[in-house]
Amino acid sequence: MALSREQMAMRVARELQDGFYVNLGIGIPTLVANYVPEGMDVMLQSENGLLGMGPFPTEDEIDADMINAGKQTVTAATGASIFSSAESFAMIRGGHVDLTVLGAFEVDQEGNIASWMIPGKLIKGMGGAMDLVAGADNIIVTMTHASKHGESKLLETCSLPLTGAGCIKKVLTDLAYLEIENGTFILKERAPGVSVEEIVEKTAGKLIVPDEVPEMTF
Amino acid sequence: MSGFDKVVNSYEEAMAGLEDGMTVIAGGFGLCGIPENLIAQIKTMGTKELTFVSNNCGVDDFGLGVLLVDRQIKKMISSYVGENALFEQQLLAGELEVELTPQGTLAEKMRAGGAGIPAFYTATGYGTPVGEGKEVREFDGRKYIMEESITGDFAIVKGWKADRYGNVVYRDTAQNFNPMAATAGKITVVEVEEIVEPGELDPTQIHTPGIYVDRLIQGTFEKRIEQRTVRKD
């Protein structure tokens, strides 16, 4: 069975380490915050200028001056800091964030990522995505392996305009966890009950399949 | 009387000198920390053909969105737009120009502009549509594009507290782009919730030193919330 959104978030959460500063994108990446292992401290970075994002406020705590990058009202966690956009992107572009998790439309075997623009559709903008992919060393892309019509999103070459070039090394899809190295995807883990054959069939880019591909457990 | 006193007494005075075709740098992220009364004043003045440098363009009836109604904006330099129907309509009709700029690059363009740095190199946008036509240089085996800085004829800024000398403190995440915007205007106008006497603010806690600020005004703010999210417990 393909992974649920929650299972994808759970799998990403296994990459967290105690003391990590983490930037989570919108969608599945946001869910990762719900699965931080017990006894582990991570600090969430929100690119509008908050390091140490806390939970949503209660009705009484709501404050228009306190929002996250998704423009939702939030609170600050204990030990948080708040700063300007330039400071926030200095952290991001300077490579100080330990882990970045974000969604994408397509990733290719050269580590290129397309996530912000579909020609012919209204383009709202890239926000901070280009800064995040260019600045971070440790990035996990979360997305479905193939479109609803069965077309692979793991490609030889991205067909959509890029968000960043050669910057992605780790991809978690609903079917598999893969890494990218020297111009090829490497299948590292598969979702429970998903066959290697299905993953091969739904991966358009070059794919190395090791002899052993462990099944994820939840 | 002090030559450092930046306080003006009306919004007319605060935005005096703004003319058609000028470039305005605005602080704010979404609707958070936007100079809402200065924007309202620009609407009242009816100034046209303006270029705005701002991370976003407000919503239909609040923030910079209100300036779309009478087509006062010619061009937006932003990282994320389109939270309003009017924006989309004018963009598709070719009445509005948009220069999409990565958020960190936008912040740095303002920061550099205010610091007298004409351009900088960044990896952000290399190999993407943003990098097209821009100079590429390699440093330590990695490719970077050159981005030019931005300055404005005006900068409009929302602070929390300021003293009469224009030393400004921002509150929580309403800080966002405001400190950079404040440095990058030929005329920087700051509106705040409270003006205090010099000496009342702790000098070590000042975000924007008064040297950047030309005009200061105290206002009252609606502070609209874009995405009201609460937890249940």
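Procedures and definitions
Residues numbered from 1 in each chain as written. Chains lettered and ligands numbered in written order. Predicted model: local features only at pLDDT ≥ 70, side-chain atom pairs only at ≥ 80, totals over all residues. Heavy atoms only, no water. Helix = DSSP H or I, 4+ residues; strand = E, 2+ residues; numbered from the N terminus. Rg over C-alpha atoms; globule rule 2.2 N^0.38 Å. Buried < 20%, exposed > 50% of the residue type's maximum accessible area, 1.4 Å probe, protein only. Areas by Shrake-Rupley, 256 points an atom, 1.4 Å probe, with all protein chains shown as cover. Lys, Arg positive; Asp, Glu negative; His and termini not counted. Charge placed at Lys NZ, Arg CZ, Asp CG, Glu CD. Salt bridge = Lys/Arg side-chain N within 4 Å of Asp/Glu carboxyl O. Disulfide = S-S within 2.5 Å. Core = buried A, V, L, I, M, F, W, Y, C linked by side-chain atoms within 4.5 Å. Contact = heavy atoms within 4.5 Å. Pairing = 2+ DSSP bridges. Phe/Tyr/Trp six-rings, centres within 6.5 Å; stacked < 30°, edge-to-face > 60°. Axes fitted to C-alpha atoms, helices over the stretch in contact; angles between N-to-C directions. Parallel < 35°, antiparallel > 145°, perpendicular 65-115°, else oblique. Left-handed = near helix turned anticlockwise from the far one by under 90°. Nonpolar A, V, L, I, M, F, W, Y, C, P; charged D, E, K, R; others polar. Buried area = accessible area lost by both parts, 1.4 Å probe. Polar contact = N/O pair within 3.5 Å; in protein donor to acceptor, adjacent residues only side chain to side chain.

Chemist: If you had to explain the overall build of chain A to someone new, which residues and values would you point to?
Modeler: Looking only at helices and strands, chain A has five helices and 13 strands in total. Against the 2.2 N^0.38 benchmark of 17 Å for 218 residues, chain A shows a C-alpha radius of gyration of 18 Å, consistent with a compact globule. Across its three principal axes, chain A shows a C-alpha extent of roughly 50 × 40 × 30 Å. Each of the 218 residues in chain A was classed as buried or not, and the buried ones make up 55%. Of the roughly 9,400 Å² of accessible surface on chain A, 49% is carried by carbon and sulfur atoms. In chain A, which carries 15 positive and 30 negative side-chain charges, the distance between the mean positions of the two groups comes to 6 Å.

Chemist: Talk me through the pattern of salt bridges; I want residue IDs and the actual numbers.
Modeler: Counted by the stated rule, this structure contains 27 salt bridges over all chains. Glutamate 215 of chain A is the partner of arginine 190 of chain A in a salt bridge, and the nearest nitrogen-oxygen pair spans 3.4 Å. Separated by 25 residues along the polypeptide, arginine 190 of chain A in strand 12 (residues 184-190) and glutamate 215 of chain A in the segment after strand 13 (207-208) bring together distant segments of the chain. The shortest N-O distance in the salt bridge between aspartate 153 of chain B and lysine 186 of chain B comes to 3.3 Å. Residue aspartate 153 of chain B is located in strand 8 (residues 152-158), and its partner lysine 186 of chain B is located in strand 11 (residues 185-192); the two are separated by 33 residues in the primary sequence. Each member of the salt-bridge network shares a partner with another, and the members are Asp63 and Asp65 of chain A together with Lys158, Arg171, Asp172, Glu193 and Lys223 of chain B.

Chemist: Explain the environment of glutamate 212 of chain A to me, using residue names and the numbers behind them.
Modeler: Residue and element names in this part refer to chain A. Residue placement: glutamate 212 occurs in the segment after strand 13. Here glutamate 212 falls in the exposed class, since its relative accessible area comes to 66%. Along the primary structure glutamate 212 and leucine 187 are separated by 25 residues, whereas in three dimensions their C-alpha atoms are 9.5 Å apart.

Chemist: Now, about the state of the cysteines: what can you tell me, with residues and values included?
Modeler: All names here are of chain B. Scanning the model with the defined rule gives zero disulfides over all chains in all. Summary of cysteine pairing: cysteine 32 is not part of a disulfide, and the nearest cysteine sulfur, belonging to cysteine 57, is at 17 Å. On the accessibility criterion, cysteine 32 (4% relative accessible area) is buried. Judged by relative accessible area, cysteine 57 falls into the buried class, the value being 2%.

Chemist: Could you give an account of the nonpolar core, with specific residues and numbers?
Modeler: All names here are of chain A. Grouped together as the largest cluster of nonpolar side chains are 42 residues, with contacts concentrated most on Val107, Ile113, Val141, Ile168 and Leu172. Counting residues per element, the ones that place at least two in this core are helix 1 (5-13), strand 1 (20-24), helix 2 (28-31), strand 5 (99-103), strand 8 (139-143), strand 10 (170-173), strand 11 (176-181) and strand 12. With near-sequence residues (within four places) excluded, isoleucine 113 lies in contact with Gly103, Ala104, Glu106, Val107, Val133, Val141, Cys158, Leu162, Thr163, Gly164, Cys167 and Ile168.

Chemist: Got a sec to walk through the pairing of strand 1 of chain A? Specific residues and values, please.
Modeler: On a regular strand, each side chain points to the face opposite its neighbour's, so the side chains alternate between the two faces of the sheet. All names here are of chain A. Most of strand 1 is tucked away, with four of its five residues classed as buried. Pairing geometry for strand 1 and strand 2 (residues 42-46), over four bridges, is parallel. What sits directly across from asparagine 23, in strand 2, is glutamine 45.

Chemist: Let's hear about the packing of aromatic side chains: which residues, and what values?
Modeler: Residues and elements named next belong to chain B. For the structure shown, the criterion picks out three aromatic pairs over all chains. Judged by centre distance (5.6 Å) and plane angle (55 degrees), the rings of phenylalanine 4 and tyrosine 165 are tilted. Of the two residues, phenylalanine 4 is situated in the segment before helix 1 (11-14) and tyrosine 165 in the loop between strand 9 (161-163) and strand 10 (168-169); the sequence distance between them amounts to 161 residues. Phenylalanine 4 sits in the exposed class, given a relative accessible area of 55%. By relative accessible area, which is 31% here, tyrosine 165 ends up partly exposed.

Chemist: Describe the sheet that holds strand 7 (residues 113-114) of chain A, and please don't skip the residues or the numbers.
Modeler: All names here are of chain A. Sheet architecture is open: three strands sit in the order 7-6-9, paired in mixed fashion. Across the chains shown, the open sheet's two edge strands, defined by having one partner strand only, are strand 7 and strand 9 (154-155). Inspection of the sheet shows strand 6 (residues 106-108) paired to strand 9 by two bridges, in the parallel sense. Looking at the pairing, valine 107 lines up with leucine 154 of strand 9.

Chemist: I'd like a description of the packing of helix 3 (residues 85-93) of chain A against helix 4 (residues 103-114) of chain B, backed by residues and values.
Modeler: Packing of helix 3 of chain A against helix 4 of chain B leaves a shortest axis separation of 9 Å and a crossing angle of 125 degrees. With respect to their mutual orientation, helix 3 of chain A and helix 4 of chain B come out oblique. In this structure, the crossing between helix 3 of chain A and helix 4 of chain B has a hand that is left-handed. Residues Ser85, Ala86, Phe89 and Arg93 of chain A of helix 3 of chain A form the contact with helix 4 of chain B, whose own contacting residues are Gln103, Gly104, Thr105, Ala107, Glu108 and Arg111 of chain B. Considering only residue class, the contact of helix 3 of chain A with helix 4 of chain B consists of three nonpolar, four polar and three charged.

Chemist: Describe the interface of chain B and chain A, naming the residues involved and giving the relevant values.
Modeler: Tallying the contact residues gives 51 residues for chain B and 46 residues for chain A. Between chain B and chain A, the buried area comes to about 3,900 Å², and carbon and sulfur atoms account for 60% of it. On the chain B side of the interface with chain A, the three residues burying the most area are Thr173, Thr229 and Arg231 of chain B, jointly 17% of the side's total. In this assembly, chain B and chain A are joined by five salt bridges. A salt bridge links aspartate 65 of chain A to lysine 223 of chain B; the nearest nitrogen and oxygen atoms lie 2.7 Å apart. Summed over the shared surface of chain B and chain A, the result is 27 residue pairs in polar contact (both at pLDDT 80 or more). Of all the secondary-structure elements, those providing two or more residues to the side of chain B that touches chain A are helix 3 (85-92), helix 4, strand 5 (119-122) and helix 5 (178-183) of chain B. Per-element accounting of the side of chain B that touches chain A gives the leading share, six residues, to helix 4 of chain B. By residue class, the composition of the side of chain B that touches chain A is 20 nonpolar, 18 polar and 13 charged.

Coordinates in, geometry out; function isn't part of it.
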